[in-house]
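So you can see what is in the structure, the chains are spelled out below.
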Amino acid sequence: MKRCCKIFLVFSCIILLGYNQNLLAQDNNKPIKIGLALSGGGAKGFAHIGVLKVLEEAGIQVDVITGTSMGSIVGGFYAIGYTPQQLEEIALSRDWDDIFNSVPTNRSQPLIQKVQNDRLILSFPFNKGKIQLPQGLIGGQRIELFLDQFTLPYHDVRDFKKLPIPFGCIATNLATGEAVLLDHGLLPEAIQASIAIPSVFEPVKIGEQTYIDGGVARNIPVSDAKKIGADIVIASDVGEPVEPVDSLDTFVDILLQSVGFSMLQSDNIQKEEAALVIRPEISEYSSFDFDKAAELIKIGEEAARKALPKIKEIAQLQEPTQRNIPEPFSTLPNKILIDSIQINGTDEYLRRRFRTSLEIREGQYISVNQLKSQMDAAYTSGSFDSMNYRLLSSANSEGHTLSITISREKKNEVGFGARYDSQYKSSLLFSGTFNDVFTSGDALFSDLRLGEQLRLKGNYYLPYSLFPASGLNLELQAIRTPINIYGGGQVLSSLDLETISLDISSGIEFLRSISLTAGIHAEAFNINQAIGEALLFENVNGILSARMELHADSFDRTYFPSKGTRFLIRHELSDKLWGSGRTFSQLIGDWETRIPLFSTFSLMTRATAGRNYASSLNLPLHYQFFSGGAIPVAIFSERQYPLFGYEVQRLRGQNLRRLEIGAQLKILKNTFLQFKWNTADISNDWTWNITPSDFNSGFGLVGGTQTIIGPIKLIVTTQDFEKGYTVRLSAGHTF
C-alpha cells in the first residue's frame, strides 16, 4: 500500500510540474523556444541536412541552434539563412577533399608552385637547425577561405545571438581541455576552431586562447543550446565515440578512438537533457566519406522520419510565427562598393607588396565572385601561410570596408621522396625549402636526387609581384645520368653525361596558368664512355645560350588529369659569337589535352615537335631528341619522350615528330585505366612531308592509382599486338 502511494505521489508531482511549467509559459506569455543541437562526426555530419529537411516539413521552427565540429558548419550556415536544399547543394557540389586540404588545387596554383609540389612523401618543419613535427597535417587555409566566402554577409555580426537564428558552436580550450561555447566573435573563425581535429588540423588561435575540435570535450551541445535560450532541444547525433577495434583503419580513427571514451560519458549526459535524440544509422561510414554526401543526407532524412511522431508532438508545443529569414547573399547588393581597404598582419614590406598586387581599388564596385576570385588568387600565390578577409559595413556610407589579414611565418621545411621504376630502379629525393632568406617573400629550394640518375639542384626565387606572379629565378644544378647509344636495335655503348649549369631567368605569369620566361643558360658538360673502346666525343665542352619559354598548365590534377590543357613552346639559341662552345638553335613545341566526355571518361591527345638548326658536330649529344620507354623521364624531360613498345632512348636524332592518342576511364575514386597509341619519327633530316614508314608506333595499357606515396602505374606495352609484350612498373612521384 505504501509503495502504491509513493508511485502515485511521484506521478502527481510530474504532472503538476509539467502543468505548472505550461502555466508559467502562458502566464508570462512567453512562447516555447525549440533548440537544435548538431553533433560532430566529420563527413557523417551531412546527415544533419536530411534531419533539417524533415524538421521543416513537420513544422518545427528552430529558435536556437548549436553545433560541434561538422555540426557547426551545418548549424552555422543554417543559422544565417541557408535552407536545407541549399545546404544539400553545397554538400554535393563542393570538392571536400580540396577544401580540407592546405595545398591549393593544381589548376589554381602558380606554375612555380606546380614545379615544387607533388614530389614528396613526407615534409617536416625545419627551424633552428632542427627537424620538428607539425602541429597538424593540414593548415586549414582552404577551409578558412571557404567559411569566409559563405558567411560573407554576416562578417559584421559579432554577437551570434543576433544572427537570423541564434547560434553557438563548441570548441575545446587547448590549455584547459574544457568545452567553450563560442557565441560571439567572428563567425568563420569560430566555426574553424570547432572543426580543428587535433593532429589533423592546426589549432586555431582566437585572441589569447588556442582551440581544437569541440568534439574532444563535448560532441553533442544540448546544454549549450539551453544556455542560449532553448526550452526544448532536439539533438541529431552522428558521432561514434567508441568504434570496434577492427574498424580502426587510419591513424585518425585511432586518434578519435583515444578521446572517444571520455566523449561517451559527455554524450550520455547531453542526451539526457534532450527532449529527442535522432540517431541516423551511419555505422558503415567513416568520418572522411565526403564523396558519399548524398547517401548520408538520405540516411539523416530516414532517421528523422522514423521519429516523426515525437517531432510532431514537439511542434505542437510551439506557437507558429511568421518568420522571414533572408537568403544570406540577398542582403548584399549585386555590386559591392569598396570604400576602403585595410591590410593587416605580417611585416610592412609584404603588406605594401600585397596592396600593389591587389586588383581591387578603393571606390570600386565588385561582385561577390570577383572578390572570391581575388582572394583565391592571393592565397594561391603561395606568399602567405594564412589569409582571411572580412567585408564590413562602413559607418557613414553604403559602401564596405574590405579588411584583409595576412600572416607569414618563416617556415622552413625539409622533405623526403622516393620512387621506383623499371628503367632506373630506386631513387631517393631529399628536399629543402627555406623562406625569407635575404628579404621578405623570397625562397630557396634545394634538391638532392640519389640513384642511377644523380642531381643536386639549388633554386633561388625572388618575386617582383605576388599576383600575377612574377620574379627573378636563379638555378644552379649538377647532373649525372646515363645515355644509351643504340644501333641495329641493340645497345652499342653506354655513356655517362655530367653537367653543371647556371640559369638566370625572369618570368611573369598571366591568366593563372600561363607563364612567359626568358633568360640565359651557362653549362659545362662532360661525356665519358662507359662501354666500348672508341672515344667518340670530346670530354669537356661548354654552352652559353639564350632561352625563352612559354608554358601553360590548366590540368585539374598533376597525375591522371581528366580535363585541361598543358603546352610548352621553348626556343634556345647558342652561338660561338658570344663565347659558347657550340652553335645551334633548338625549337620545341609540346601540346597535351584532356577532353572529358563524361564524368569518368576522357579523351587524351598529345602532339610534340622538335627541330634543331645545327650540324651534327655542333649539337651536343644531350641536346638531341630521344624517345622510347613507357615512363616519362624527369631529367631533360623537354628532350626525352616515352614511346610504348620501345626501350628507353631507343630512338635518337636531331628532329622529332610525335603523336599520342588515348582514353582514360576512372574506375574508382583514385584508380584509372588508360589505353594509348603513340607514334614518333626521329631523324637527322627535317621534312614537312609525312611518310608513314618513317614513324615507329606502339600501344600501351596503363592501370594506375593515386596513393599516399604518389601514383602507382602498371604498364603493358607492345609494338604490335602480334609481337611480344613488355610489362613496366612505376611507383612514386616524378622527380
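Here we summarise the structure given alongside this text. Starting from 1, residues in each chain are numbered consecutively following that chain's sequence as written. In view of the model being predicted, local features appear only for residues whose pLDDT reaches at least 70, and side-chain atom pairs are presented and counted only at 80 or more, with totals across whole chains, interfaces and linings using the full set of residues. Heavy atoms from the whole structure form the basis of all side-chain values; hydrogens and water molecules are not counted.

**Let's talk about the sheet that holds strand E29 (residues 640-641)**
Strand pairing in a sheet relies on backbone hydrogen bonds, with the paired strands running either antiparallel or parallel.
Part 1 of the argument: Only strands joined by at least two bridges in the DSSP assignment are considered to pair. Only DSSP runs of H or I with at least four residues qualify as helices, and only runs of E with at least two residues qualify as strands; both kinds are numbered from the N terminus onward. Strand order across the open sheet formed by 3 strands is E29-E28-E30, with mixed pairing between neighbours. Two strands in the sheet have a free side with no partner beyond their single neighbour: E29 and strand E30 (651-653).
Part 2 of the argument: With 2 bridges connecting them, strand E28 (residues 625-627) and E29 associate as parallel partners. Each bridged residue has a counterpart across the sheet, and for Ser 627 the counterpart in E29 is Tyr 641.

**Observations concerning empty space enclosed by the protein**
Part 1 of the argument: A 1.4 Å probe that fits into a set of points on a 1 Å grid over the protein atoms alone but cannot get out defines a cavity; an open set with protein on both sides within 12 Å along at least five of seven lines defines a pocket, and lining residues are those with an atom within 4 Å of a point. Grid points are joined across faces, edges and corners, and a volume is the space filled by probe spheres set on the points. Scanning the entire structure with this criterion turns up 7 cavities of 30 Å³ or more.
Part 2 of the argument: Of the voids in this model, the second largest cavity is the one considered here, and its volume is about 120 Å³.
Part 3 of the argument: Looking at the second largest cavity, the residues that line it are Gly 42, Ser 69, Met 70, Phe 100, Ile 195, Ile 197, Val 200, Phe 201, Ser 287, Phe 288 and Phe 290.
Part 4 of the argument: Gly is placed with the polar residues, together with every amino acid not listed as nonpolar (Ala, Val, Leu, Ile, Met, Phe, Trp, Tyr, Cys and Pro) or charged (Asp, Glu, Lys and Arg). Partitioning the lining of the second largest cavity into residue classes produces 8 nonpolar, 3 polar and no charged.

**What to know about the sheet that holds strand E15 (residues 386-393)**
Part 1 of the argument: The 4 strands are arranged E14-E13-E16-E15 in an open sheet whose pairing can be described as mixed. Looking at which strands have only one partner, the edges of the open sheet turn out to be strand E14 (364-366) and E15. For this sheet, the mean angle separating the axes of adjacent strands, direction not counted, is 40 degrees.
Part 2 of the argument: In terms of strand pairing, strand E13 (residues 336-344) meets E14 through 3 bridges, oriented antiparallel. Paired with Ile 336 across the two strands is Ile 366, which belongs to E14.
Part 3 of the argument: Only heavy atoms matter for contacts: two residues are in contact if any of them lie within 4.5 Å across the pair. Throughout, an axis means a line fitted to C-alpha atoms (over the contacting stretch in the case of helices), and angles, computed between N-to-C directions, take values from 0 to 180 degrees. Along the sheet face, helix H13 (residues 348-357) touches E13, E15 and strand E16 (400-407) and points at about 155 degrees away from the line of E13.
Part 4 of the argument: On the sheet, helix H14 (residues 368-380) packs against E13, E14, E15 and E16 and is oriented at approximately 155 degrees with respect to E15.

**Some remarks on unusual backbone geometry**
Part 1 of the argument: Even without a glycine there, the phi angle at Phe 560 is positive, about 55 degrees.
Part 2 of the argument: Note on placement: Phe 560 falls in the loop between strand E24 (540-553) and strand E25 (564-574).
Part 3 of the argument: Note on Phe 560: relative accessible area 4%, which makes it buried.
Part 4 of the argument: Of note in this structure, Phe 636 is not a glycine but carries a positive phi near 55 degrees.
Part 5 of the argument: Note on placement: Phe 636 falls in the loop between E28 and E29. Any residue under 20% of the maximum accessible area for its type is buried, any over 50% is exposed, and the rest in between are partly exposed; the area is computed with a 1.4 Å probe on protein chains only.

**Some remarks on helix H12 (residues 308-316)**
Part 1 of the argument: Every buried residue of H12 is accounted for by Ile 311, Ile 314 and Ala 315. Take H12 and look down its axis: the buried residues cluster within an arc of 105 degrees, on one side only. Across from the buried face of H12, at angles greater than 90 degrees, the exposed residues are Pro 309 and Gln 316.
Part 2 of the argument: Considering only its buried residues, H12 is in contact with strand E1 (34-38), helix H2 (47-57), strand E11 (232-236), strand E12 (276-278) and helix H11 (293-306). The arc in question is traced by the directions running from the helix axis to the C-beta atoms.

**Structural notes on the packing of aromatic side chains**
The relation between two aromatic rings is expressed through the spacing of the ring centres and the mutual angle of the planes.
Part 1 of the argument: The criterion for an aromatic pair is that two Phe, Tyr or Trp rings (for Trp, the six-membered ring) have centres within 6.5 Å, with stacked assigned to planes under 30 degrees apart, edge-to-face to planes over 60 apart and tilted to the rest. Using the criterion set out here, one finds 20 aromatic pairs in the structure.
Part 2 of the argument: Ring plane angle 55 degrees and centroid distance 6.2 Å describe the contact between Tyr 82 and Phe 150, whose orientation is recorded as tilted. Taken together, the residues span a long stretch of sequence, with Tyr 82 in the loop between helix H3 (70-79) and helix H4 (84-93) and Phe 150 in helix H7 (residues 141-150) at a distance of 68 residues.
Part 3 of the argument: In this structure an aromatic cluster arises from ring pairing among Phe 46, Phe 77, Tyr 82, Trp 96, Phe 146, Phe 150, Phe 288 and Phe 290.
Part 4 of the argument: Lysine NZ or arginine CZ positioned within 6 Å of the ring centre and within 35 degrees of the ring normal marks a charge as sitting over the ring. In this arrangement the basic side chain of Arg 639 is found over the ring face of Tyr 623, its NZ or CZ atom lying 4.0 Å from the centre.
Part 5 of the argument: Here the basic side chain of Lys 713 rests over the ring of Phe 560, its NZ or CZ set 5.5 Å away from the ring centre.

**Examining the nonpolar core**
Part 1 of the argument: Side-chain atoms within 4.5 Å are what join buried Ala, Val, Leu, Ile, Met, Phe, Trp, Tyr and Cys residues into a set we call a nonpolar core. Residues Phe 46 and Ile 311 are the most contacted members of the largest nonpolar core, which totals 72 residues.
Part 2 of the argument: Residues within four places of Phe 46 in sequence aside, it is in contact with Met 70, Ala 91, Trp 96, Phe 290, Ala 293, Leu 296 and Ile 297.
Part 3 of the argument: Core analysis: the second largest hydrophobic core is formed by 25 residues, Ile 336, Ile 338, Leu 391 and Ile 406 among them.

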